[in-house]
Amino acid sequence: MALHVLVRRGIPFGVLVVVALVLGALVAGVMIGVNLPFGSKPLTVARGTAYFSSAVGKGTFQTEDEGVSALIMPEVGWVDRSGRGEFFSVPSCLRGRGEPAVAQASVEAGYTSLRLPQGRSMRVVAWIRCL
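Rules behind the numbers
- Residues numbered from 1 in each chain as written.
- Predicted model: local features only at pLDDT ≥ 70, side-chain atom pairs only at ≥ 80, totals over all residues.
- Heavy atoms only, no water.
- Buried < 20%, exposed > 50% of the residue type's maximum accessible area, 1.4 Å probe, protein only.
- Helix = DSSP H or I, 4+ residues; strand = E, 2+ residues; numbered from the N terminus.
- Pairing = 2+ DSSP bridges.
- Salt bridge = Lys/Arg side-chain N within 4 Å of Asp/Glu carboxyl O.
- Disulfide = S-S within 2.5 Å.

S.K.: So what's going on with the pairing of strand β2 (residues 58-63)? Which residues, and what values?
M.R.: Taken residue by residue, a regular strand's side chains alternate between the two faces of the sheet. By the alternation rule, side chains of β2 split into Gly 59, Phe 61 and Thr 63, which are all buried, and Lys 58, Thr 60 and Gln 62, of which none is buried. Here 6 bridges tie strand β1 (residues 44-53) to β2, and the two strands are oriented antiparallel to one another. Bridge pairing links Gly 48 to Thr 63 in β2. Remark: 4 residues form the turn of the hairpin made by β1 and β2, two consecutive strands paired antiparallel; Gly 57 in that turn has positive phi of roughly 85°. Pairing between β2 and strand β3 (residues 69-72): 4 bridges, direction antiparallel. Paired with Thr 60 across the two strands is Leu 71, which belongs to β3. Joining the antiparallel neighbours β2 and β3 is a turn of 5 residues, in which Gly 67 adopts a positive phi near 70°.

What follows is the structure, given as structure tokens:
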């Protein structure tokens, strides 16, 4: 219906403006909420090789097939070869024997891409399973 028809039917113009503003805010809120970089992220799961330096406290994960590289922070969720899981520590298969040793192991990892404030993105590992 046209606006002049609604006003003629006795609906005050101010009410129509408020309804339009509320509907506009609702649509804008849904669009913003859907596109925000918060909440759970889908993980890509792949097998590959993990390299971890205890001296630096970080490592990298390289996939077998696609050559994708992702950052391994020192405290990730992981499952060892026996199936025991742990969070917030270095995976047992990536604990170096010497300083500044770089440990290397075959793993399965779940990683995701994070959008940084500058607009760039980087891949980070969320969990590791030692193979």
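S.K.: Pulling in residues and values, what's your account of the pattern of salt bridges?
M.R.: Opposite charge on two side chains makes pairing possible when the charged atoms of those side chains draw close. One pass over the full model with this rule turns up 3 salt bridges. For Asp 80, the salt bridge identified is with Arg 84, shortest N-O distance 3.4 Å. Measuring nitrogen to oxygen at the nearest pair gives 2.9 Å for the salt bridge that ties Arg 129 to Glu 108. Linking Arg 129 in strand β7 (residues 121-130) with Glu 108 in strand β6 (residues 102-115), this pair joins segments that are 21 residues apart in sequence. Residue classification places Arg 129 among the partly exposed residues on the basis of a relative accessible area of 28%.

S.K.: Just give me the short version of the state of the cysteines, but keep the residues and values in it.
M.R.: The full count for this structure, using the stated rule, is 1 disulfide. In this model Cys 93 forms its disulfide with Cys 130; the gap between the sulfur atoms is 2.1 Å. Negative torsions about the S-S bond denote left-handed disulfides, and the value of about -75° found for Cys 93 with Cys 130 makes this one left-handed. Of the two residues, Cys 93 is situated in the loop between β5 (85-89) and β6 and Cys 130 in strand β7; the sequence distance between them amounts to 37 residues. For the residue pair Cys 93 and Cys 130, the accessibility class agrees, reading buried in each case.

None of the figures reported here should be taken as evidence of function without further support.
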